[in-house]
Amino acid sequence: MAIVLDKSHRWRVVAAHLGLIAFISLCMFPFLMILSISLRPGNFAVGSLIPAQISLEHWKLALGISYQAEDGSLITPPFPVLLWLWNSIKIALISAFIAVLLSTTAAYAFARMKFRGKKHWMTALLLMQMFPTVLALIAIFSIFDYLGSYVKWLGVDSHWALILAYAGGIALHVWTIKGYYDTIPVEIEEAAVVDGATHWQAFKYVLLPMAKPILMVVFLLAFIGAIIEYPVASVLLHQEANLTLAVGSKLFLYEQKYLWGDFAAAAILSGLPITIVFLLSQRWMVGGLTAGGVKG
Amino acid sequence: MNDRLTKWIGPALLALVALSGLYLVFMLYVSGQTVVAGVGLFVVALMVYVYTAPGAYSYRYLFPGVAGALIFVVFPMVYTIAIGFTNYSSKNLLEFDRATKYLLEETYQTEGQTFATTIHREGSEYRLKLDNEDVALSFVTTPLALKKAERVVVQATPTGSAEVALGEPLELRDIIPLRNMLKEVIVKLPDGLELTMSGLREFAPVKKLYSKNPDGSLTNVQTGQIIKPNFKTGFYETAQGDQLAPGFKVGIGFDNFRRVLGDESIQQPFLRIFAWNVTFSFMSVLLTAAVGMFLAVLLNWEAIAGRNMYRTFLFLPYAVPGFISILVFKGLFNNNFGEINLILDQLIGFKPPWFSDPTLAKVMILIVNTWLGYPYMMVLCQGLIKSIPADLYEASALAGAGPLTNFFKITMPLILKPLMPLLISSFAFNFNNFVLISLLTNGRPDFLDTKIPAGETDILVSYTYRIAFGDSGQQFGLAAAISTVIFVMVAILSIINLRLTKVNQQEAR
């Protein structure tokens with residue numbers, strides 16, 4: 001581009017580097033802090049930011065291991081963090097599976113078939129996406145509370161209720177998968193149909209294997225979406241053993257019972273794997289963020 | 001053989017799903033949820049049609065997804081709006097039928113005639129022996145398991161007529177563990193009199209408290225008072241207008257909306273919350289977009305080495321789950337124990353009360369939200385900047401323009417237009433950014449002058465949540481009405497957004 005560079009250019013580059021480094025250190029401050037806090041003995045700030053002495057007590061509690069304190073008493077884990085993590089993963093896996101199942105076929109219809117009102121259905125799905133679930137919380141609670149009085153495993157405080165509540169939010173996934181189907185030439189399926197395959201066989205044996213990468217991405221997005229979801233889970237889950245991480249984590253920081261150090265260890269333990277999965281899914285989904293909506 | 005089998009799997013599955021659907025519909029209908037049952041029946045019928053009629057072939061692929069979205073996303077939203085027109089709350093929780101049934105099952109123990117009761121073990125079962133000394137009558141029941149606290153009606157016969165060898169009566173300490181089961185036992189005497197437990201060693205006759213009259217009113221048998229259901233208030237009421245719990249759910253028209261707009265004690269906080277809600281979302285979009293755009297431009301500068309590494313670090317706040325980073329900030333900002341105040345105290349000797357001062361709390365929320373949101377804006381802007389033709393910058397370099405001129409005359413005007421719909425989406429998202437407010441401040445500090453608890457940093461959704469599930473008595477109807485108001489606002493934003501996107505697409509052609 002510009003070939004003639006004046007003297008100020010060099011200073012500007014240096015200033016830009018310094019500015020970026022300063023900004024990044026400010027943004028990374030919470031992460032470094034939380035790591036330091038998780039290794040610091042006790043639950044309260046002691047005056048220095050870097051712990052003078054490394055203690056693994058919070059990590060032990062986060063992993064569900066009791067330990068003996070200096071005064072000889074037995075300290076037991078305040079909350080079942082690993083159980084919450086397991087609940088989150090279980091619910092997210094099943095609901096992501098259902099979401100992919102429901103959205104692949106719908107996306108196929110939108111991408112390959114002609115039917116009345118197709119355009120309107122697509123717009124309707126997009127519109128639906130714009131109304132956040134928070135607004136329907138009262139109805140969701142009341143529906144599952146009601147269902148629970150007849151079918152116990154579908155009531156409030158059951159994981160299946162939460163899975164069902166998550167499984168319906170597929171509008172965005174349908175759009176994403178349809179976009180991918182559109183890039184696959186329809187001729188391949190037509191060839192299969194000419195050879196005597198039915199629509200369903202062409203979809204199952206020809207298109208689906210080719211769409212594997214996008215199904216993986218959608219699965220991961222749905223998975224992460226379910227793991228970080230807070231409002232619906234906070235309404236539907238109550239008992240401590242039933243909670244997901246998103247709902248349980250806040251119990252660490254009550255003013256009366258402030259477990260800052262224990263929270264730090266639990267946050268890293270549960271946050272790190274989710275972050276890595278998210279970064280991986282972003283890498284797979286080239287340029288997908290523009291279509292990727294917003295984060296909860 | 002195998003082919004024939006696969007042929008049957010489809011129809012069998014359909015029949016199975018349809019039957020279980022019909023069963024659910026039937027259960028709903030029986031329990032009085034006629035409207036919901038009707039919707040369910042419609043869905044089941046539609047499913048059967050789609051999967052059997054040859055003309056509906058393409059809908060077979062569509063049906064599972066669309067049905068899922070309709071049942072779990074659209075229906076709850078419509079239902080929320082419907083709740084907004086009722087008095088549904090913790091006081092008016094039940095349907096009318098169930099409230100009536102509840103009252104009709106109320107009993108009272110008549111005075112006087114009590115039966116001294118002893119409990120005798122017989123194998124693994126128990127028999128009760130009831131004696132009334134006043135009339136010198138004595139009865140013994142058939143054996144009872146007393147394993148579950150479930151209502152059972154048991155027959156008693158006079159002691160003389162049946163040859164029953166009773167063992168020693170149970171000691172008091174053995175009766176106490178059986179107490180909960182015994183409470184549910186109704187002993188029916190030969191003359192039809194029903195007895196229930198009135199003490200650990202005592203049974204007494206009970207009578208139903210209310211009897212139903214043909215006109216739908218109930219008579220209190222004990223006092224003779226008549227109570228009538230009032231379908232305006234959703235309560236059974238005495239002639240004096242005293243309300244009896246439990247109340248029931250009734251439609252109350254626009255009353256909830258009138259309360260939001262007219263009742264001073266709700267309208268005042270509502271308007272203040274609305275004002276902060278708009279400020280909050282607007283400032284969030286402005287700050288995240290400004291920071292994100294600036295970083296995007298900087299990272300687009302080829303003279304900077306290691307841009308990929310910078311980008312990865314800058315993206316990180318977006319990758320961490322929101323509920324964790326928000327709670328981390330909650331702890332870091334803590335007034336007394338937080339690390340941020342620890343540093344500030346050492347630097348300037350002052351600990352700002354981030355959570356108790358309204359203005360500081362709002363500043364904190366904006367700082368945290370900017371941190372959470374700038375990476376998204378940065379990535380968006382980067383994509384848009386890439387599509388700007390390079391020759392524009394070459395031309396401006398020839399004309400001797402500096403980087404500032406480039407930014408304000410070329411980059412910003414060119415990316416602002418395609419960015420606009422995304423900014424509006426971001427506004428709509430932040431307008432309902434419940435997770436941030438709920439986890440960071442939970443709306444606090446609270447206003448001091450409101451009847452229903454409301455906070456300085458509450459936004460409309462978190463306020464709604466507090467009304468429905470928080471500290472003010474589960475007023476679902478009122479909360480649903482406010483949700484409906486938010487629905488309308490989101491709908492308006494969405495329509496503007498769709499229009500803008502369409503205009504952009506048309507211009508791009």
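Residues numbered from 1 in each chain as written. Chains lettered and ligands numbered in written order. Predicted model: local features only at pLDDT ≥ 70, side-chain atom pairs only at ≥ 80, totals over all residues. Heavy atoms only, no water.

K.L.:
What am I meant to see in the confidence of the model for chain B here?
P.N.:
Parts of the prediction with low pLDDT should not have their coordinates interpreted in detail. Confidence in the prediction for chain B averages 85 pLDDT; 97% of positions are at 70 or higher. Here the complex is predicted with pTM 0.83, and the ipTM for its interfaces comes to 0.89. (pLDDT = per-residue confidence, 0-100.)

K.L.:
Just checking my understanding: could you explain unusual backbone geometry for this structure?
P.N.:
That bond from B:Arg444 to B:Pro445 is cis: its omega, 0 degrees, falls within 30 degrees of zero. Along the polypeptide, B:Pro445 turns up in the loop between α15 (434-440) and α16 (460-469). The phi dihedral of A:Asp157 falls on the positive side, at around 75 degrees, and the residue is not glycine. Residue placement: A:Asp157 occurs in the loop between α5 (137-148) and α6 (159-167). Although it is not a glycine, B:Asn442 adopts a positive phi angle of roughly 55 degrees. By the element assignment, B:Asn442 lies in the loop between α15 and α16. With relative accessibility at 31%, the residue B:Asn442 sits in the partly exposed group. (Helix = DSSP H or I, 4+ residues; strand = E, 2+ residues; numbered from the N terminus. Buried < 20%, exposed > 50% of the residue type's maximum accessible area, 1.4 Å probe, protein only.)

K.L.:
Would you mind showing me how to read the interface of chain A and chain B here?
P.N.:
The parts lose accessible area when they come together, and the size of an interface is often stated as this lost area. Listed as interface residues are 90 residues of chain A and, on the opposing side, 90 residues of chain B. Overall, the association of chain A and chain B removes approximately 8400 Å² of surface from exposure, summing both partners, and the carbon and sulfur fraction of that is 79%. Linking chain A with chain B are one salt bridge. For the pair chain A and chain B, the number of links is 13 residue pairs in polar contact (both at pLDDT 80 or more). Ranked by residues supplied to the side of chain A that touches chain B, first place goes to helix α1 (residues 7-38) of chain A with 17 residues. In terms of residue class, the side of chain A that touches chain B is built from 65 nonpolar, 18 polar and seven charged. (Contact = heavy atoms within 4.5 Å. Buried area = accessible area lost by both parts, 1.4 Å probe. Salt bridge = Lys/Arg side-chain N within 4 Å of Asp/Glu carboxyl O. Polar contact = N/O pair within 3.5 Å; in protein donor to acceptor, adjacent residues only side chain to side chain. Nonpolar A, V, L, I, M, F, W, Y, C, P; charged D, E, K, R; others polar.)

K.L.:
Honestly, the pairing of strand β7 (residues 194-199) of chain B in this entry has me stumped. Any pointers?
P.N.:
The side chains of a regular strand alternate between both faces of the sheet. All names here are of chain B. As paired strands, strand β6 (residues 185-188) and β7 are joined by two bridges and run antiparallel to one another. By the bridge assignment for β7, Lys188 is matched with Glu194. Counting the residues between successive antiparallel strands, the hairpin from β6 to β7 contains five residues, one of them, Gly192, with a positive phi of roughly 95 degrees. Where β7 and strand β8 (residues 202-208) come together, four bridges link them in antiparallel fashion. Residue Met197 lies in a different strand from β8, and its bridge partner there is Phe203. The loop that links β7 with its antiparallel partner β8 comprises two residues. (Pairing = 2+ DSSP bridges.)

K.L.:
What is the right way to read the nonpolar core from this model?
P.N.:
Soluble, globular proteins show a tendency: their nonpolar side chains are buried together. Formed by 185 residues in total, the largest nonpolar core has its most connected members in A:Tyr181, A:Phe252, A:Phe263 and B:Phe469. The biggest single contributor to this core is helix α3 (residues 81-112) of chain A, with 15 residues. Leave out the neighbours within four places in its chain, and A:Tyr181 touches A:Thr104, A:Ala107, A:Tyr108, A:Ala111, A:Arg112, A:Phe203, A:Leu207, A:Leu208 and A:Ala211. Counting residues in hydrophobic clusters, the runner-up holds 21 residues, among them B:Ile119, B:Leu130, B:Val154 and B:Met197. (Core = buried A, V, L, I, M, F, W, Y, C linked by side-chain atoms within 4.5 Å.)

K.L.:
Whenever I open this one, the sheet that holds strand β9 (residues 210-212) of chain B confuses me. Can you help?
P.N.:
For sheets, the rule is that strands pair by backbone hydrogen bonds, running either parallel or antiparallel. All names here are of chain B. Overall, antiparallel pairing links the five strands, which are arranged β9-β10-β11-β12-β13 in an open sheet. Among the strands making up the open sheet, the edge pair consists of β9 and β13 (243-244). Direction of pairing for strand β11 (residues 226-230) relative to strand β12 (residues 235-237): antiparallel, over a ladder of three bridges. Within the sheet, the bridge partner assigned to Pro229 lies in β12 and is Tyr236. Docked against the sheet, helix α4 (residues 96-104) engages β9, β10 (218-220), β11 and β12, running at close to 130 degrees with respect to β9. (Axes fitted to C-alpha atoms, helices over the stretch in contact; angles between N-to-C directions.)

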